[in-house]
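What the coordinates show
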Amino acid sequence: MRLSKLILGIVFFVSLDCTRDLLADETATIQFARDVQPIFRRHCYRCHGRKNSEGGFQLSNRTSAFSESDSGVAPIQAGQPNESLLFGRLTDSSLGDVMPLDGDPLSRAEIATIRQWIEQGAEWPDTAADDRHWAYVKPGKSPLPNSEPQWGHNAIDAFVAAKLHEESLSPSPEADRGKLIRRVSLALIGLPPSPDEVERFVGDDSPDAYEKLVDRLLASEQYGERWAVRWLDVARYADSNGFQADQIRDSWAYRDYVIRAFNADMPFDRFVVEQLAGDLLPDATLDQKIATGFHRTPTCNVEAGVDPEGNRVNQVLDRVNTTGTVFLGTTLECCQCHDHKYDPFSQTDYYRLFAYFNNTPLEVKKTSGVTFDFVGPSMPLPISEAAQARYDAIQTEIKSLQQEQKALSKDKKEKKKTDKEKKRIQSAISRLRSEAKAIQQTTLVMVENEEPRTTRMLNRGDYLDPGDEVPVGTPETLHDLDGSLPPNRLGLAQWLVSEDNPLLARVTVNRWWAGFFGTGLVTTPEDFGTQGEPPTHPKLLDWLAVELMENGWSMKHIHKLIAMSATFRQSSHFSAGLRERDPSNRFYARGPRFRMPAELIRDNALAVSGLLQPEMYGPPIMPYQPNGIWRAVGRNAPKWKTATDEDRFRRGVYVVWRRAAPYPSFINFDAPDRAACTVQRPRTNTPLQALTLLNDPAYAEMAVALAQRMLSEAPSGEPHAVAEFGLRLCAAREPRPEEVDTLVRLYTEERKRIAQTPGLAVNRMTNMLSRLRQYDDNLQELAAWFAVANVLLNLDETITLN
């Protein structure tokens, strides 16, 4: 044993020295539960956890971690990282393969954390003896920490202030009033304030001015439109089937349901139940049935050669995986084939959940030869009496024409003439069917088979290789399943919304937090498991989760708390020192600052240009997009019909979403194709984004409208006044003189170039459709200000929630 320790001491010397510089403050106290145990869970428990003890020790058990292992030495020697086998196996390949064997090596920062913890005595308190991952323990409300007496408005600020104090940081001052109203407006309704709204708020010195603003925004109908975008991502909502044919299907009523539910502040637990099982509620209403469109959004393959049962199974797998991601923050996919490698979920757990969704009908059927059609369950939407009468009349006409077809088939008049009549009749039938479809809209809904299916484990996830039969059930590691709950989707939904569920409320408030700050308190919102990141503010996360449940699962209550907090209201400016200490704003020493989602960038540009059309709900819209985007190989391919009326100026939430070819300007700003659940969009920075804002005819049209607005609404036609007004529209703040001078210089140079180049103004503005006809007499002036407006819409500040 002495020789082993001597060898360890020698070989650890270099690795110990290499990690010395990795922690910014070597005097900081490393806490086991906060800093070390998450590393063990993420990297070590699968081999050295409760279920396994390879090498003769467990890192989930304090006694085992400090006792002699199979190698003859204890894995951890308190105060002596040089002699700790654990540290050596993490850093030194001369002792054997660097651990973990079946995963990526620990980061240098993680290794440094373990080294420093061991140096400090390897404290392992009794309170951390439970090896359950933090996310699987029911949240509780901790007492509020003592916060800065001069800072803070609610409990959120108390937790944030405590963390700032721990990190030797101070909060930033409150943002100026113009920026504050723009920030909270974009956060809550996804639209900027008007100049009049900014002026009124800046001039309102009453103590409750900001709270009145927040309440007004929460009561706005635009609130639901803004927050529905985030939910539609997780619901993988789209207007098409996916795959090669990618035909359009009707599901927009589900999108409208989500907007209405958020505007009405439907309790989130009720919202979840209706999403998963609205059709199974007693005396289910129309809206509750529409709500089940949540799980009617998976892709559906109608390509030649598809196996209808294989397609159905894939959709059920998608429903299980999405349920795990959205409501449990858990990546269940690998359990399709085997027990989860890192988290305490078994393959049996997975197929018990699968059984809840397995009682569904086929959604594709063969129509002829190798041709298949989408036949998934749908429901007609209500229509007026007049519309119903017309629909019935169309059906009568179709039947009459079909009788004519039959008669022609029996009659031998000349063949050429017969064929001509058949084509005429078929054309008339197609036209009538199109009219009928436009009148009688439908929406996709969940239904249950009358005869329940038997569910079996699928060996390696293969539906052609069924194994043992399994009943419905829930994961053993989570809260108990009440035996009185029905053994169907309704029972599953009621189990999910139980206040004993340790995950649902946490996962939900974390996603909402990300909507305000750009990232969640847990930065891996799709994965609260051991491979995910631990929360930066665990007590705050739990406090918000319990607060949600204690306040009727009110989404607007939590959103108001966040919006009212001093944390959210801070200036987003950060010094060089703060940039160095916390570049990602994980400690919240400043306000949020991040690029808006794709739909909000477009909505914001429409609003500041004065083009935004406020009409809500209804079938999806088709604004301008480049020609040929929807051209595809496949039968019944849908056609893009660019809207030329005011519909093209409606909000982005209403833009048609075809999975094979989503709206290109949205994709350029990182929107997903929605073929699968997306809980967090990436934020990239690419040349395509600048090219979109500069050259996309839709944005060019917005720039023309913004130029018109600047000319017509500025206090005077003097260039500095026009430029200043434009900047106020886009940034909702007081312009700096040098900024205005720069814009006026651009206007002057453009005005001169246009005057010296005959036809330039006409060429520049010729594609601006109806906007052009209103300004024929002042075309050169408009063309010059168009260049300025284009710059304003391209400002980083314009597309940033700041």
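This write-up is about the structure you can find in this document. Values in this document were obtained by computation on a predicted structure and should not be read as measured data.

About the criteria used
- Residues numbered from 1 in each chain as written.
- Predicted model: local features only at pLDDT ≥ 70, side-chain atom pairs only at ≥ 80, totals over all residues.
- Heavy atoms only, no water.
- Phe/Tyr/Trp six-rings, centres within 6.5 Å; stacked < 30°, edge-to-face > 60°.
- Helix = DSSP H or I, 4+ residues; strand = E, 2+ residues; numbered from the N terminus.
- Buried < 20%, exposed > 50% of the residue type's maximum accessible area, 1.4 Å probe, protein only.
- Salt bridge = Lys/Arg side-chain N within 4 Å of Asp/Glu carboxyl O.
- Pairing = 2+ DSSP bridges.
- Expected span 1.5 Å × (residues − 1).
- 1 Å grid on protein atoms, 1.4 Å probe; cavity = no way out; pocket = protein on both sides within 12 Å on 5 of 7 lines; lining within 4 Å.
- Points joined across faces, edges and corners; volume = space filled by probe spheres on them.
- Nonpolar A, V, L, I, M, F, W, Y, C, P; charged D, E, K, R; others polar.

Applying the stated criterion across every chain yields a total of 34 aromatic pairs. Measuring from ring centre to ring centre gives 5.7 Å for Tyr136 and Phe345, while their planes differ by 90 degrees; the resulting arrangement is edge-to-face. Here Tyr136 is found in the loop between helix 6 (108-119) and helix 7 (155-166), whereas its partner Phe345 is found in the loop between helix 15 (308-328) and helix 16 (347-357), with 209 residues between them in sequence. In this structure Tyr136 comes out as buried when scored by relative accessible area, which is 6%. Taken together, a centroid distance of 6.3 Å and an interplanar angle of 10 degrees make the contact between Trp640 and Tyr663 stacked. Of the two residues, Trp640 is situated in the loop between helix 25 (598-609) and helix 26 (664-668) and Tyr663 in the loop between helix 25 and helix 26; the sequence distance between them amounts to 23 residues. For the residue pair Trp640 and Tyr663, the accessibility class agrees, reading buried in each case. An aromatic cluster of at least three residues, connected via ring pairs, comprises Trp231, Tyr237, Tyr254, Tyr257, Phe262, Phe268, Phe271, Phe294, Phe327 and Trp512.

The next thing to look at is the pattern of salt bridges. Two side chains that carry opposite charge are able to pair once their charged atoms sit near each other. Using the criterion set out here, one finds 46 salt bridges in the structure. Here Arg312 makes a salt bridge to Glu309, at a shortest N to O gap of 3.0 Å. Pair noted here: Arg312 and Glu309 are both in helix 15, with a separation of three residues, about one helical turn. Given the relative accessible area of 26%, Glu309 is considered partly exposed.

Below, the discussion takes up the pairing of strand 2 (residues 371-374). Bridging between strand 1 (residues 364-368) and strand 2 involves four bridges; their strand directions are antiparallel. Its bridge partner being in strand 2, Lys365 is matched across the sheet by Asp373. Hairpin connection between strand 1 and strand 2: a loop of two residues separates the two successive antiparallel strands, and Gly369 in this loop has a positive phi of roughly 55 degrees.

Counted at 1.5 Å a residue, the expected span for helix 8 (residues 177-189) with its 13 residues is 18 Å, and the 18 Å between its end C-alpha atoms agrees. Summarising burial for helix 8: 11 of the 13 residues are buried, a large majority. Three or more residues of helix 8 are buried, namely Gly178, Leu180, Ile181, Arg182, Arg183, Val184, Ser185, Leu186, Ala187, Leu188 and Ile189. Of the residues trailing helix 8, Gly190 is marked for its positive phi of about 75 degrees.

This part covers the layout of surface pockets. Taken as a whole, the second largest pocket encloses approximately 1,500 Å³ of empty space. Around the second largest pocket, the lining comprises 31 residues; the ones closest to its centre are Ile248, Arg249, Asp250, Lys437 and Gln441. Elements supplying a minimum of two residues to the lining of the second largest pocket: strand 2, helix 18 (415-439) and strand 4 (442-444). In terms of residue count, helix 18 provides more of the lining of the second largest pocket than any other element does, four residues in total. Residue composition of the lining of the second largest pocket, by class: 13 nonpolar, nine polar and nine charged.

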